[in-house]
Amino acid sequence: MASSISSWFSRIRSASRIYFTSSGFARRGLARSRAPLDPAESRVAAVGAAAAYPSRGELSYLLPLAAAFSSVAIAFQSLREPSLCDAAELDTRETGGEREGSMAYLVKGSHNETPQELIDELKAICGENITLDYDERFFHGKPQNSFHKAINIPDVVVYPKSEHEVSEIVKSCDKHKVPIVPYGGATSIEGHTLSPHGGVCIDMSSMKRVKALHVEDMDVVVEPGIGWIELNEYLEPYGLFFPLDPGPGATIGGMCATRCSGSLAVRYGTMRDNVINLKVVLANGEVVKTASRARKSAAGYDLTRLMIGSEGTLGIITEVTLRLQKLPQSTVVAMCNFPSVKDAADVAIATMLSGIQVSRVELLDEVQVRAVNIANGKNLPELPTLMFEFIGTEAYSREQTEIVQKIVAEHRGSGFVFAEDPEAKKELWKIRKEALWACFAMEPQHEALITDVCVPLSRLAEVISRSKKELDASSLTCTVIAHAGDGNFHTVVLFDPSNDEQRQEAERLNHFMVHTALSMEGTCTGEHGVGTGKMKYLEKELGMEALRTMKRIKQALDPNNIMNPGKLIPPHVCL
């Protein structure tokens, strides 16, 4: 019936000589619409509908009906073309695909058994580096620190040791149309590594070599499985470091895939600013190098930036060339307290406007400081706190510290202390780096919804103040942690996973934060990425035209939709 209605009204709208069925046929056709119509019968009905034509009186009677039903015809036509949407996810009520306002956290999806032929091919490629063990598959399919869960887990996990093996694995999966989920350090928290459709999980942890270090060029070529902490340990003897510092355990490949940043982004930029080129295995198994090793280039499309932040939906990263920085001569770490988070945020903004090139500006609210005290047996003042790091020569670092101390005093700040001793500095930054684990000391049996948003710097104080008011009014324990120098702040919301009301309250608070940020020309995620958790906000942030463009890119590079399906692009986006 959908096809006949669509054909019927499109002819009325567009034909210069309009042909149509009689009003009697129309009434009979509408009456039959209550029963499902076979597709072949639909096509016959459409031809029949076009064959007859009405009188002028009948046509004027039917035109209003045409206008009324035209939108219905368009909707039916979209459902007739599932290849232009994620067919398995069109009905978000059935699949758990979240639309705006949804409280769903369980990501569902269609699941077909992985064929034995594919498993045999994977065994031939990977040898012993493959597992069908349930515990291993469960571990890879259920990230521990993510609010989001999936109803399915991967059918098989493979551990490639080379780019060639990754290419062969992807070719086999594409041939059998079996989904692929890349897996790095598993530190992401928006459901990036979930396997809602089962399929093959490609664990990149065995690919962690440093392939080349160019000290004079200040760049390094690495495989994706190496962690940023391990990389910096390797680089330290050469007087170099890689400046991005997300959570402990994050790997370079995952950091590229999610376009992460960290506390040093205010000085050195995000992942997109620190990657020179990539090698990527596309959905058909082809290996693409995205750029040369030159520090800048105007040659062709910027494929490097296309892949950074694509979350495994366009390809699997197998090699990364990174920009490096010289280890600073001197660093000073400072800390101070404020009566409110707004005062603290105002100082962060004033510091950035002063022109001081701080390397870190981190904000912790009083609840987070309390968590640190409980977890580490400290006795810090339980007030909103700012932490700074200044780098450069010894004299320059000292000068910056003194200027910021004056700014703090002008904004009701107190307790300004600073450290230059290496151990003392490490102890201060430990407060920030272990913030998440400190939160669990307050509620050991609870889980955490961890979310982040980012706004233009001038709106930071306002967005934190409004969010903080809502968080403090909640029955749940909530902490605020911010990369205050670039407008990015995080919230940790602790809830009892067995209590549905608490789970929904945690999600409500997440909605509030995101909508508040979007109303200030901000983003639903500053550095955590989209995954499954933030898809529902992308239409409001980017608009449907941008999402359709993303969908076209995805279709062009991954026509079988095997690359991390169900992530990043909302399932309701159709072409």
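Heads up: the structure comes first, above all this text.
As a convention, each chain's residues are numbered from 1 in the sequence order in which they are written. Only residues with pLDDT of at least 70 get local features here, since the model is predicted, and only at 80 or more are side-chain atom pairs given and counted; chain-wide, interface and lining totals rely on the full set of residues. Side-chain descriptors were evaluated using all non-hydrogen atoms of the structure, hydrogens and water having been removed beforehand.

Asks: Explain the packing of helix H14 (residues 341-353) against helix H19 (residues 460-473) to me, please; I cannot follow it from the model alone.
Replies: For helices, the fitted line uses only the C-alpha atoms of the stretch in contact; every axis is such a line through C-alpha atoms, and the angle between N-to-C directions lies from 0 to 180 degrees. Each helix is a run of DSSP H or I of at least 4 residues and each strand a run of E of at least 2, with the numbering of both proceeding from the N terminus. The contact between H14 and H19 brings their axes to 8 Å, and the two run at 160°. In terms of orientation, H14 and H19 fall into the roughly antiparallel class. H14 and H19 meet at a crossing whose hand is right-handed. Listed contacts from H19 to Val341, Lys342, Ala345, Asp346 and Ile349 of H14 are Leu460, Ala461, Ile464, Ser465 and Lys468. Following the grouping adopted for this structure description, the nonpolar residues are Ala, Val, Leu, Ile, Met, Phe, Trp, Tyr, Cys and Pro, the charged ones are Asp, Glu, Lys and Arg, and the polar ones are all others, Gly among them. Here the contact of H14 with H19 is built from residues that sort into six nonpolar, one polar and three charged. Should an angle lie under 35 degrees it is considered roughly parallel, over 145 roughly antiparallel, and from 65 to 115 roughly perpendicular; all remaining angles are considered oblique. Less than a right angle of anticlockwise turn of the near helix away from the far helix marks a crossing as left-handed, whereas a clockwise turn marks it as right-handed. Residues count as neighbours in contact if any of their non-hydrogen atoms are within 4.5 Å of one another.

Asks: Sorry, what's going on with the pairing of strand E8 (residues 219-222) here?
Replies: In the case of a regular strand, side chains alternate between the two sheet surfaces. With a 1.4 Å probe rolled over the protein chains alone, any residue whose accessible area is under 20% of its type maximum counts as buried; one over 50% counts as exposed, and the rest are partly exposed. Where burial is concerned, the two faces of E8 agree: the one with Asp219 and Val221 and the one with Val220 and Val222 are both buried. Of the pairings in the sheet, the one linking strand E7 (residues 210-214) to E8 comprises four bridges and is antiparallel in character. Within E8, the residue paired with alanine 212 across the bridge is valine 221. By the convention used here, strands pair only if DSSP detects at least 2 bridges between them. Connecting E7 to the antiparallel partner E8 that follows it, the hairpin turn spans four residues, and methionine 218 within it adopts a positive phi of roughly 55°. Here four bridges tie E8 to strand E12 (residues 316-323), and the two strands are oriented antiparallel to one another. Residue pairing in the sheet places valine 221 in a bridge with threonine 321 of E12.

Asks: It is not clear to me how the side chain of lysine 536 should be interpreted in this structure. Could you clarify?
Replies: By the secondary structure assignment, lysine 536 is in the loop between helix H20 (500-519) and helix H21 (538-542). Separated by 3.2 Å, the side chains of lysine 536 and glutamate 507 make a polar contact. A polar contact is formed between the side chain of lysine 536 and the backbone oxygen of glycine 533, at a distance of 2.9 Å. Polar contact is defined as a pair of N or O atoms within 3.5 Å, subject to the rule that within protein one atom must be able to donate a hydrogen and the other to accept it, and that residues adjacent in sequence are counted only when both atoms are side-chain atoms.

Asks: Just to check I follow, could you spell out unusual backbone geometry for this structure?
Replies: The phi torsion of most residues other than glycine is negative, and most of the peptide bonds are trans. Non-glycine residue lysine 177 carries a positive phi angle of around 55°. Within the secondary structure, lysine 177 is located in the loop between helix H8 (163-176) and strand E5 (180-183). Under the relative-accessibility criterion, lysine 177 is labelled exposed at 55%. Here arginine 259, not a glycine, exhibits a phi torsion of approximately 55°, which is positive. You can see arginine 259 is positioned in the loop between helix H10 (252-258) and helix H11 (265-268). Taking relative accessible area as the criterion, arginine 259 reaches 38% and is therefore assigned partly exposed.

Asks: Would you mind showing me how to read the nonpolar core here?
Replies: Nonpolar side chains tend to gather and get buried jointly when the protein is soluble and globular. Residues belong to a common nonpolar core when they are buried Ala, Val, Leu, Ile, Met, Phe, Trp, Tyr or Cys residues joined through side-chain atoms within 4.5 Å. In this structure, Leu363, Leu386, Phe388, Phe390, Leu460, Val463 and Phe489 are the most contacted members of the largest nonpolar core, which totals 55 residues. If you look at the next biggest cluster of nonpolar residues, it comprises 26 residues, including Met255, Ile308, Val320 and Leu324.

Asks: I tried to follow the pairing of strand E14 (residues 330-337) on my own but got confused; where do I start?
Replies: Counting buried positions over the eight residues of E14 gives eight, a clear majority of the element. Along E14, one buried face is formed by Ser330, Val332, Ala334 and Cys336 and the opposite face, lined by Thr331, Val333, Met335 and Asn337, is buried too. As defined by bridge partners, E14 adjoins strand E16 (residues 385-392) across eight bridges and the pair is classed as antiparallel. Its bridge partner lying in E16, asparagine 337 is registered against threonine 385. In this sheet, strand E17 (residues 414-419) lies alongside E14 in antiparallel orientation, the contact comprising four bridges. Its bridge partner being in E17, asparagine 337 is matched across the sheet by serine 414.

Asks: Please clarify how the environment of asparagine 145 should be interpreted in this entry.
Replies: Mapped onto the elements, asparagine 145 comes out in the loop between helix H7 (134-141) and strand E3 (149-150). Separated by 304 residues in the primary sequence, asparagine 145 and leucine 449 place their C-alpha atoms 8.3 Å from one another.

Asks: How should I be thinking about H19 in this particular structure?
Replies: Helical geometry note: an α-helix holds 3.6 residues per turn, so side chains three or four residues apart project in the same direction. In this scheme, a helix's expected span is set at 1.5 Å multiplied by one less than its residue total. An ideal rise of 1.5 Å per residue puts 20 Å on 14 residues; H19 measures up with 20 Å between its terminal C-alpha atoms. Of the surrounding elements, those touching the buried residues of H19 are H14, helix H15 (366-376), strand E19 (477-483), strand E20 (488-495) and H20.

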